[in-house]
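The primary structure of each chain is shown beneath.
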Amino acid sequence: MPEDHHVGLAIRPTPRLVEGAIHAQEEKRHKHSRPSYSESSPLASRNNSLTFRPAKRSMPNPDKTIAVINASGRQAASFIRVATAVGYHVRAQLRNLEGVVATEVSTNPNVTVVQGELYTRERRAEKANVDVTKNGPIVGIGVNNTLISELFRGAQLAFINTTFYGDEIKIGEALADAAKKAGIQHYVYSSMPDHRAYNQGWPSLPLWASKHKVEEYVRKIGLPATFVYTGIYNNNFTSLPYPLFCTDLRPDGSWIWQAPFHPDVKLPWLDAEHDVGPAILQIFKDGVSKWGDGKRISLAYEMLSPREACRVFSRGVGRPVRYVRGPIEVRVKIPEGYRIQLEALEALFALGADDPKKQPPYFGDQALEESCPRVALELWEGPRGLEEYAREVFPLEEQANGLTWMLEDDDGGGGGGGLIEHQNGGISTPGREPPDSDDDEDDGLVMRGLKRDEEEWLA
């Protein structure tokens, strides 16, 4: 177990008295300091940064509109932030307007929201309250072609990251057809591998295999496309009891991360919120001349084994973090499609047992895996690594979700922050209403908390 280099992570406002003293000290220093060039200096007429600057050259805003789906997901929200910041307009599909991320997107002046689901229900499905997250064809669930056509109206570019809400393959094909009909000039699709396509002895991960099939369809109809494969999100880690990336907080203040990956096989890592947006934006700026013809891009900035990831995370957060190779524990209600995915993931990464050379590559294709992080760094040179995430962002996200381990006056035990797990599998914090079982029938697990409420956490 790594040594405990505990660092106090108190999160509290600076006292006003101290703030005022700092301000007074700064003011006094400025009063008695001399500028580099005084007003009487003959150098004052020079064109330097302390006198005057020529008028800035006018920079035209981008005149293109980008279609984006699942806009409250981590990938899409990251992209929307940076694209709109430099002047692009975005037509964003949102399932609803609830939550912090959806509010951020819908109030962005450079975003036009197209609200609604990408799937439709037949009446019999509505009466039966059919689960719309199951893998494979879903009886009574269709495609919302009207909304999809509206999404691409007036758009020239598209960033598409489908999810398992509805029939992902049918929705993915419908989106590609609509994009081609609308004359989309560059279609960036967030894909993932079907491992069986690389080796018949490897099981498919259903949710990734669906994306692989959509990718094949996009190639088939000849869209000018680029396919990005994202690594494991740094942002997946949480002390809440969510499967696969739960960092289980122990009574002594340390964490255990239990997952089925071989402890010494390197995996691709990515800070989705910080780094997806700039990378995708650069793909569009470079254009199809560089990234078209169906090129695949591995979007990951670190290659770390689970043991290495725990050591890096421990340095960032200032507490011991230990990796345990073991089964995925499911302690809360999750969508059916995600449950099937986790079972397949366990089977896939059990291959090879203790021989690290026999564990399948995360991206399926060894060449794609070996391109990390070189290709990603061609797109964006300022990534946020796992250690930086653990040090600067993780405590804030944990506190926003009701946890208290990062506060100095916490007793250090459990760190649950008063979280309540309800009989229907939902989680809430004191003072918040428990999730309604009827509303959550389709979505299953939803990230609950002041920051992540209603976020499409798997996107």
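Check the entry above for the structure.
Procedures and definitions
Residues numbered from 1 in each chain as written. Predicted model: local features only at pLDDT ≥ 70, side-chain atom pairs only at ≥ 80, totals over all residues. Heavy atoms only, no water. Helix = DSSP H or I, 4+ residues; strand = E, 2+ residues; numbered from the N terminus. Contact = heavy atoms within 4.5 Å. Salt bridge = Lys/Arg side-chain N within 4 Å of Asp/Glu carboxyl O. Buried < 20%, exposed > 50% of the residue type's maximum accessible area, 1.4 Å probe, protein only. Axes fitted to C-alpha atoms, helices over the stretch in contact; angles between N-to-C directions. Parallel < 35°, antiparallel > 145°, perpendicular 65-115°, else oblique. Left-handed = near helix turned anticlockwise from the far one by under 90°. Core = buried A, V, L, I, M, F, W, Y, C linked by side-chain atoms within 4.5 Å. Pairing = 2+ DSSP bridges. Right-handed = clockwise from strand over helix to strand, strands pointing away. Expected span 1.5 Å × (residues − 1). Phe/Tyr/Trp six-rings, centres within 6.5 Å; stacked < 30°, edge-to-face > 60°. Lys NZ or Arg CZ within 6 Å of the ring centre and 35° of its normal.

Caption draft 1: View of the environment of alanine 309. Looking at where alanine 309 falls in the secondary structure, it is placed in helix α11 (residues 306-317). The contacts of alanine 309, once residues within four sequence positions are left out, are Trp269, Leu304 and Leu386.

Caption draft 2: Highlighting the pattern of salt bridges. A full pass over the atoms with the stated rule returns 20 salt bridges. Between arginine 331 and glutamate 329 there is a salt bridge, and its shortest N-O distance comes to 3.9 Å. Exposure remark for glutamate 329: the relative accessible area of 45% places this residue in the partly exposed category. Three or more residues joined by partner-sharing salt bridges are found here, namely Arg315, Glu387, Arg391 and Glu392.

Caption draft 3: View of the packing of helix α6 (residues 168-181) against helix α8 (residues 206-220). At a minimum axis separation of 9 Å, α6 and α8 run at an interaxial angle of 25°. Classed by the angle they form, the pair α6 and α8 counts as roughly parallel. Considering how the two elements wind past one another, α6 and α8 form a crossing that is right-handed. On α8, the residues that touch Glu168, Ile169, Gly172, Glu173, Ala176 and Asp177 of α6 are Leu207, Ser210, Lys211, Lys213, Val214, Tyr217 and Val218.

Caption draft 4: Up close: the nonpolar core. Phe152 and Tyr187 are the most contacted members of the largest nonpolar core, which has 82 residues in total. What phenylalanine 152 contacts, discounting residues up to four positions off in sequence, is Ala67, Ala158, Ile160, Leu175, Ala178, Ala179, Ala182, Ile184 and Tyr187.

Caption draft 5: Geometry of the side chain of histidine 186. Looking at where histidine 186 falls in the secondary structure, it is placed in strand β7 (residues 186-191). Among the residues examined, histidine 186 registers a relative accessible area of 2% and is labelled buried.

Caption draft 6: Just the pairing of strand β2 (residues 89-94), in detail. Of all six residues in β2, five are buried, a share of seventy percent or more. When strand β1 (residues 65-68) meets β2, the two strands line up parallel, connected through four bridges. Opposite isoleucine 66, over in β2, you have valine 90 as the bridge partner. In this fold, β1 hands off to helix α2 (residues 74-85), which returns the chain to β2; that crossover is right-handed. In terms of strand pairing, β2 meets strand β3 (residues 111-115) through five bridges, oriented parallel. Paired with leucine 94 across the two strands is glutamine 115, which belongs to β3.

Caption draft 7: Highlighting α11. Between its first and last C-alpha, α11 extends 16 Å over 12 residues, near the 16 Å set by a 1.5 Å rise per residue. Of the positions making up α11, those classed as buried are Pro306, Ala309, Cys310, Val312, Phe313, Ser314, Gly316 and Val317. In the core, the buried residues of α11 are packed alongside β11 (255-259), β12 (267-270), β14 (302-304), β15 (321-325), α15 (386-392) and α16 (394-400). Backbone geometry just after α11 places glycine 318 at a positive phi near 75°.

Caption draft 8: Up close: the packing of aromatic side chains. Counted by the stated rule, this structure contains 22 aromatic pairs. Both rings, one in phenylalanine 237 and one in phenylalanine 245, keep their centres 5.6 Å apart while their planes meet at 90°; by these two values the pair is edge-to-face. Each member of the pair, phenylalanine 237 as well as phenylalanine 245, is classed as buried. Against the face of tyrosine 165 rests arginine 95, its NZ or CZ located 4.0 Å from the ring centre. The ring centre of tryptophan 255 lies 5.7 Å from the NZ or CZ of arginine 319, which sits over that ring.

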